[in-house]
Amino acid sequence: MATEQELSEFLKGVEKRAFKRSVYHVRNVESALDIVQDSMMKLAMHYGDKPVAELPMLFQRILSNCTLDWFRRQKTRTALFSNMSDFEFPGEEGEFDLLETLNTESQSNQTESAESSTQRAQTLHEIETEIQALPSRQREAFLMRYWEELDVAETAAAMGCSQGSVKTHCSRAVQALGKALRAKGITL
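Since the structure is predicted, the reported quantities are computational estimates derived from the model, not experimental observations.

1. What to know about the environment of Thr155
Checked against the element boundaries, Thr155 lands in helix α7 (residues 152-159). Of the residues examined, Thr155 reaches a relative accessible area of 0% and is grouped as buried. Separated by 15 residues in sequence, Thr155 and Glu140 have C-alpha atoms that sit 9.1 Å apart. Not counting the four nearest positions on each side in its chain, Thr155 is found in contact with Ala141, Met144, Arg145, Leu150 and Val166.

Here is the structure:
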């Protein structure tokens, strides 16, 4: 059974990634914060007594369900009133960087020219834009597999679908991203 300290450390460890994942799904910082907070509260209230090893999968499933609930509420709210500004993404603020993990220690010790720094930032922005353009299930599978580094079985359990569906969603996401990025002249 997880102690209060272990649960707290687990939540601190997943907080940032969960927030980034939620922002990519809902495309709204405030809503993403609410979703992550709700997910953490549900995990602590309902599953805090589970073994520490079970917490990552439980949290991923809760986060997915809270995100789906958010979309259902949005669909209900906008069924009668549809405002076109709701569909715009204020992505120019650059509050976080999807690929910040590329900044390894070896890169931080090297000096980078302004041109290469700008080019890298533009490339990362293009990648983020293309990830946001993916259909929601493809984006969810892609982020869980390659951002959260879950295996196929864990991703399937968290998404509530078969392993074959996860593989299909990931394959289509990778193909779509590759095609879109090649069209923009970006090769990775």
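Picking up where we left off.
2. Thoughts on the pattern of salt bridges
As enumerated under the stated definition, the model contains six salt bridges in all. Across the pair Lys184 and Glu126 runs a salt bridge whose closest N-O atoms are separated by 2.5 Å. Here the residue Lys184 occupies a position in the segment after α8 (163-183), and Glu126 occupies one in helix α5 (residues 114-133), the gap between them amounting to 58 residues. Overall, Glu126 belongs to the partly exposed group, its relative accessible area being 25%. Looking at Lys184, the relative accessible area reads 41%, which means it is partly exposed. One continuous salt-bridge network, built from bridges that share partners, spans Arg21, Arg137 and Glu140.

3. Quick word on helix α1 (residues 4-26)
At Glu15, α1 is deflected by roughly 40°, the largest bend along its length. Positioned one or two residues after α1, Arg27 has a phi angle of 60°, which is positive.

4. Looking at the packing of α1 against helix α2 (residues 29-47)
Packed helices, taken two at a time, are described by the angle between their axes plus the distance between the axes. Two numbers describe how α1 lies on α2: the axes approach to 8 Å, and their chain directions differ by 145°. Crossing angle aside, the handedness with which α1 passes α2 is right-handed. Contacts between α1 and α2 involve Leu7, Phe10, Leu11, Glu15, Ala18, Phe19, Ser22, Val23 and Val26 from the first element and Val29, Ser31, Ala32, Leu33, Ile35, Val36, Met40, Leu43 and Ala44 from the second. When the residues that make up the contact of α1 with α2 are grouped by side-chain class, the tally is 15 nonpolar, two polar and one charged.

5. With respect to unusual backbone geometry
Notably, Arg27 is not glycine yet its phi reads approximately 60°, a positive angle. Of note in the backbone geometry, Glu149 takes a positive phi value of approximately 60° without being a glycine. Note on placement: Glu149 falls in the loop between α6 (136-147) and α7. Residue Glu149 is classed as exposed on the basis of its relative accessible area, which comes to 66%.

Criteria and cut-off values
- Residues numbered from 1 in each chain as written.
- Predicted model: local features only at pLDDT ≥ 70, side-chain atom pairs only at ≥ 80, totals over all residues.
- Heavy atoms only, no water.
- Helix = DSSP H or I, 4+ residues; strand = E, 2+ residues; numbered from the N terminus.
- Buried < 20%, exposed > 50% of the residue type's maximum accessible area, 1.4 Å probe, protein only.
- Contact = heavy atoms within 4.5 Å.
- Salt bridge = Lys/Arg side-chain N within 4 Å of Asp/Glu carboxyl O.
- Bend = angle between axes of the 7 residues up to and from the residue.
- Axes fitted to C-alpha atoms, helices over the stretch in contact; angles between N-to-C directions.
- Left-handed = near helix turned anticlockwise from the far one by under 90°.
- Nonpolar A, V, L, I, M, F, W, Y, C, P; charged D, E, K, R; others polar.

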